[in-house]
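# Notes for the structure review
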Amino acid sequence: MKKLCALLLTAVMTFSLTACGGNNSGKETSADANKTQQSTTPAQEESKAPEQEEAKASTQEPETEKEAVETVKLNVAYMPNYASLWSVLTAMDQGYFEEEGLEITLWEFADGPSEIAAMEGGSIDLAYIGHGAHRLCINGQATIFAPSSVHSTDKIIVLPSSGVTSVDDIANLAGKKVAYNAGSSSETALNGALSAAQLTIDDIDAYEMDATNMVAAMSSGSVDACTAWNPYSVQIMNNCEGAVELEFSTDSVNLSSWICLPDYVEKNRDVLVRFSRALYKGMAYASQQENWDYAVGLYAKQCAKDKEACLVETGDATWFSADDVKNGIKDNTMQDYYTRQQQMFIESGNVEKEVPLEDYILFDVMQEALGN
């Protein structure tokens, strides 16, 4: 009887241990099955031989390495106008930066020089600049890694007190108070207007100020004229009775570009290529006229503006497509744009002497990002 009880007790303990082991084995198998389903079909799962387990493990290694790549976070500077945001917002909205493993945070600035100062301070990684700030690139403070747009005209806004009614009598600005923003496209436009009238900045009463302050200065009549850009020029025209915006041709081209600091290039070339690749996809889409309404909608939302009022800004420039940049590098159109731009800065005294384009423009990054 004692032997019988001992045998029964042993059987019960053996069954209990087997049951516990079976539950753990089931969990591991379930987990393995879930992993396998990510890389194999049900048919492959049924016919899998032991040696295929090793093959599965080796094929999963690249996937594990890919998942281990951390997303790069970038602080990107922009100005509150369509020219600055048309491509980057499109690329963000379409998910192109996400495809490149980039997380973009946008920061608003009033002008290019302020953006470059922020990059030098370490708070900004990449930035969009208008025409005027390119002289800082030529002088070695920043590096251009992607072009954005081009236009061949400039504008000046005059009040009745200026005595100017058309481009033919800009010479009447002599002795008048004129506001401009130093180091930006505003200064470039002012110099162009004065040159067309055979005047220099010494012939006027020039007031250097932030673009946002030009709106107040013009509205109060503190100045007689100014050279501003959108959205400030639109605000001035809406707020100032009798204001006239005069457009005049120049002998050079006004470019806008994407930039970084020279030191950033050395450590983050791959990031620049990835950012550019996503940006060019955005440019390819938003440069098409049928998609301008979409791009303007993104811009208006970002800057909390009226979309209909913003549509006028689509006429401010020629918006480069990816093909424009790609073909332009091949036939030297892009190089010619930047050469002509530099020559204008030399003539105005903002740049002392000619600088090789390759010293401050990354045509190789452009080509790599464009796949040519």
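Residues numbered from 1 in each chain as written. Predicted model: local features only at pLDDT ≥ 70, side-chain atom pairs only at ≥ 80, totals over all residues. Heavy atoms only, no water.

### Topic: the pairing of strand β1 (residues 72–78)
When β1 meets strand β2 (residues 102–108), the two strands line up parallel, connected through seven bridges. Paired with Ala-77 across the two strands is Trp-107, which belongs to β2. Where β1 meets strand β3 (residues 126–129), two bridges bridge the pair, whose relative direction is parallel. Looking at β3, one finds that Val-76 is bridged to Leu-126. (Pairing = 2+ DSSP bridges. Helix = DSSP H or I, 4+ residues; strand = E, 2+ residues; numbered from the N terminus.)

### Points about the side chain of Ser-321
Relative to the elements of secondary structure, Ser-321 occurs in the loop between β9 (318–319) and α14 (322–330). Relative accessible area serves as the criterion here: at 11%, Ser-321 is assigned to the buried category. In contact with Ser-321, not counting residues within four places along its chain, are Met-283, Ser-287 and Gln-288. (Buried < 20%, exposed > 50% of the residue type's maximum accessible area, 1.4 Å probe, protein only. Contact = heavy atoms within 4.5 Å.)

### Digging into helix α9 (residues 211–220)
If you check which residues of α9 are buried, you get Ala-211, Met-214, Val-215, Ala-217 and Met-218. Positive phi appears at Gly-221, one or two residues downstream of α9, with a value of about 80 degrees.

### A few points about the state of the cysteines
Structurally, a disulfide amounts to a covalent bond that connects the sulfur atoms of two cysteines. Counted according to the given criterion, the structure contains zero disulfides. Cysteine Cys-303 remains unbridged, with the sulfur of Cys-310 as its closest cysteine sulfur at 7.4 Å. We classify Cys-303 as buried; its relative accessible area is 15%. (Disulfide = S-S within 2.5 Å.)

### Re helix α10 (residues 232–239)
Listed in full, the buried residues belonging to α10 are Tyr-232, Ser-233 and Ile-236. Relative to the axis of α10, the buried residues are bounded by an arc of 100 degrees and lie together on one face. (Arc of directions from axis to C-beta.)

### Some points on the confidence of the model for the protein
Across the protein, pLDDT averages 83, with 80% of residues at or above 70. Of the regions scoring below 50 in pLDDT, residues 1–66 engages in 11 contacts with residues more than four places distant in sequence or in other chains. (pLDDT = per-residue confidence, 0-100.)

### Overview of the side chain of Thr-90
Secondary-structure assignment places Thr-90 in helix α4 (residues 82–93). Thr-90 sits in the buried class, given a relative accessible area of 0%. Here Thr-90 is in contact with Leu-85, Gly-282, Tyr-285, Ala-286, Tyr-294, Ala-295 and Leu-298, once residues within four sequence places are set aside.

### Examining the pattern of salt bridges
Two side chains bearing opposite charge may form a pair once their charged atoms approach each other closely. Under the definition given, this model contains seven salt bridges. Salt-bridge contacts for Glu-99 lead to Lys-281; the nearest nitrogen and oxygen are separated by 3.3 Å. With Glu-99 in helix α5 (residues 96–99) and Lys-281 in helix α11 (residues 262–286), this residue pair connects regions lying 182 residues apart in the sequence. A salt bridge links Asp-270 to Arg-274; the nearest nitrogen and oxygen atoms lie 3.1 Å apart. With Asp-270 and Arg-274 both in helix α11, this residue pair falls four residues apart, about one helical turn. Asp-270 sits in the partly exposed class, given a relative accessible area of 48%. (Salt bridge = Lys/Arg side-chain N within 4 Å of Asp/Glu carboxyl O.)

### With respect to the packing of α11 against helix α16 (residues 363–370)
Interhelical geometry of α11 versus α16 gives an angle of 55 degrees and a closest axis separation of 8 Å. Classified by the interaxial angle, the pair formed by α11 and α16 is oblique. By crossing handedness, the relation of α11 to α16 is classed as right-handed. Seen from α11, the contacting residues are Arg-269, Leu-272, Val-273, Ser-276, Arg-277 and Tyr-280; seen from α16, they are Asp-364, Val-365, Met-366, Glu-368, Ala-369 and Leu-370. Split into classes, the residues belonging to the contact of α11 with α16 amount to seven nonpolar, one polar and four charged. (Axes fitted to C-alpha atoms, helices over the stretch in contact; angles between N-to-C directions. Parallel < 35°, antiparallel > 145°, perpendicular 65-115°, else oblique. Left-handed = near helix turned anticlockwise from the far one by under 90°. Nonpolar A, V, L, I, M, F, W, Y, C, P; charged D, E, K, R; others polar.)

### Points about the layout of surface pockets
Empty space within the largest pocket amounts to approximately 690 Å³. Lining the largest pocket are 36 residues, with His-151, Ala-228, Trp-229, Asn-230 and Asp-316 sitting closest to its centre. Of all elements in the fold, only β4 (143–158), α8 (185–196), α10 and β8 (244–260) reach the threshold of two or more residues within the lining of the largest pocket. Per element, the largest residue contribution to the lining of the largest pocket is six residues, and it comes from β4. Of the residues in the lining of the largest pocket, the class split is 14 nonpolar, 16 polar and six charged. (1 Å grid on protein atoms, 1.4 Å probe; cavity = no way out; pocket = protein on both sides within 12 Å on 5 of 7 lines; lining within 4 Å. Points joined across faces, edges and corners; volume = space filled by probe spheres on them.)

### Digging into unusual backbone geometry
Even without being a glycine, Gln-198 presents a positive backbone phi close to 60 degrees. Positive phi values are uncommon outside glycine, yet Ala-304 reaches one of about 55 degrees. Tracing the chain through its elements places Ala-304 in the loop between α12 (292–303) and α13 (307–310).

### Examining the packing of aromatic side chains
Scanning all chains against the criterion turns up 10 aromatic pairs. The interplanar angle of 70 degrees and the centroid separation of 5.9 Å between the aromatic rings of Tyr-128 and Trp-258 together place this pair among those described as edge-to-face. Of this pair, Tyr-128 sits in strand β3 while Trp-258 sits in strand β8; the two residues are 130 residues apart in sequence, bridging distant segments of the chain. Judged on exposure class, the residue Tyr-128 and its partner Trp-258 are both buried. Ring geometry for Phe-145 versus Phe-275: centroids 5.9 Å apart, planes at 80 degrees, classification edge-to-face. Here the residue Phe-145 occupies a position in strand β4, and Phe-275 occupies one in helix α11, the gap between them amounting to 130 residues. In terms of burial, Phe-145 and Phe-275 fall into one category: buried. One aromatic cluster in this structure is built from Phe-97, Tyr-128, Phe-145, Trp-258 and Phe-275. (Phe/Tyr/Trp six-rings, centres within 6.5 Å; stacked < 30°, edge-to-face > 60°.)

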